[in-house]
Amino acid sequence: LSSPLIAPSVLSADFSRMADEVAAVEKAGADWLHLDVMDGHFVPNLSMGTQLVSALRPHSRLPFDVHLMVAPVDSYIAAFAKAGADHIHIHVEAGPHTHRSLQHVRDHGVKAGLAICPATPPEAVEEVLDLVDMILVMTVNPGFGGQKFLTSQLRKIRTLREMADATGRDIRIGVDGGITPETATLATQAGADVLIAGTSVYGQEDYARAINALRTGGAS
Ligand code: DX5
Ligand code: ZN
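Every chain begins its residue count from 1, and numbering advances along the sequence as written. By the order in which they are written, chains take letters starting at A while ligands take numbers starting at 1. Under the rules for a predicted model, residues below a pLDDT of 70 receive no local features and side-chain atom pairs below 80 are neither given nor counted, while totals for whole chains, interfaces and linings still include all residues.

- As recorded in an unreviewed UniProt entry, the protein chain goes by the name Ribulose-phosphate 3-epimerase, listed as coming from Novacetimonas cocois.
- UniProt positions are given in the numbering used here, feature names are shortened, and annotations may be inferred rather than shown by experiment. The record in UniProt for the protein chain states the following under Sequence similarities (unreviewed entry): "Belongs to the ribulose-phosphate 3-epimerase family."
- Per its UniProt entry, the protein chain bears the Catalytic activity (unreviewed entry) comment "D-ribulose 5-phosphate = D-xylulose 5-phosphate".

Structural data, given as structure tokens:
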């Protein structure tokens, strides 16, 4: 297996020093930066909005991977694209019109990701696969960092990898929640090629070492 992309989640960073925290993971070898947006409605927590995304944009050259845990989501897509998102993930559970929402994302020239919660079956994404560049498999219930990886989701990762490959297009599969060097290995063996990690990067002393441990754990 080739080595997966690593996207540290700033949800676990020191918010009082965010520009430095973002620069530090870029220097430490991160591939993307993951930004979690929570609305206190779709998920039971609040995190950040467009202001932080646009404020951080000049401090990093990494692609910004923005995960919108927001419902309804459509009216925010343009604002996050303008703030500097390179990829926008919306949730398949966020409303009945996922097809239209994904089109909105693409209309802004941003790569479209579709996030899927632990309780949702893989078939939920089937009819919109032609509109997605990436599927984000939640391996925890979204809303908080530091939760335990749900091994029950490995079967879904395998199914989605088969579905994605069957399209003949290059669709990435990301995993988000409870990623450690050990669970990274399980996830990549099941077919994931992007690893989102909050605690396992920002909760560690040495970010370069933490990112490398995820990458090599994930590649083994
Ligand atoms: C959870 C977020 C994750 C979170 C992951 O709702 O989507 O991106 O930051 O945190 P860890 O890696 O600590 O599970
Ligand atoms: Zn996330």
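A few points about the sheet that holds strand 4 (residues 87-91)
Inference 1: By definition, two strands form a pair when at least two bridges between them are found by DSSP. Here a helix means four or more residues in a row that DSSP labels H or I, a strand means two or more in a row labelled E, and each is numbered from the N terminus. Reading across from one edge, 1-8-7-6-5-4-3-2 is the order of the eight strands in this open sheet, with parallel pairing throughout. On the outer flanks of this sheet lie strand 1 (5-8) and strand 2 (33-38), each paired with one strand and no other. On average, each strand axis in the sheet is tilted by 25° relative to the strand beside it, whichever way the strands run.
Inference 2: Here strand 4 runs beside strand 5 (residues 111-116); their pairing, made up of five bridges, is parallel. Bridge pairing in strand 5 links Ile88 to Ala112. Angles shown run from 0 to 180 degrees and are taken between the N-to-C directions of axes, each axis being a line fitted to C-alpha atoms and, for helices, limited to the stretch in contact.

Notes on the site of ligand 1
Inference 1: Using a C-beta atom placed from the backbone, a residue is scored as near a molecule or strand whenever that atom is within 6 Å of it. Near ligand 1 there are 21 residues, and of these Ser9, Pro142, Gly145, Gly198 and Thr199 occur at the shortest range.
Inference 2: Mapped by element, the contributors of at least two residues to the shell around ligand 1 are strand 2, strand 8 (194-197) and helix 7 (199-202).
Inference 3: Tallied by class, residues from the shell around ligand 1 come to six nonpolar, 13 polar and two charged. Amino acids are sorted into nonpolar (Ala, Val, Leu, Ile, Met, Phe, Trp, Tyr, Cys and Pro), charged (Asp, Glu, Lys and Arg) and polar (every other residue, Gly among them).

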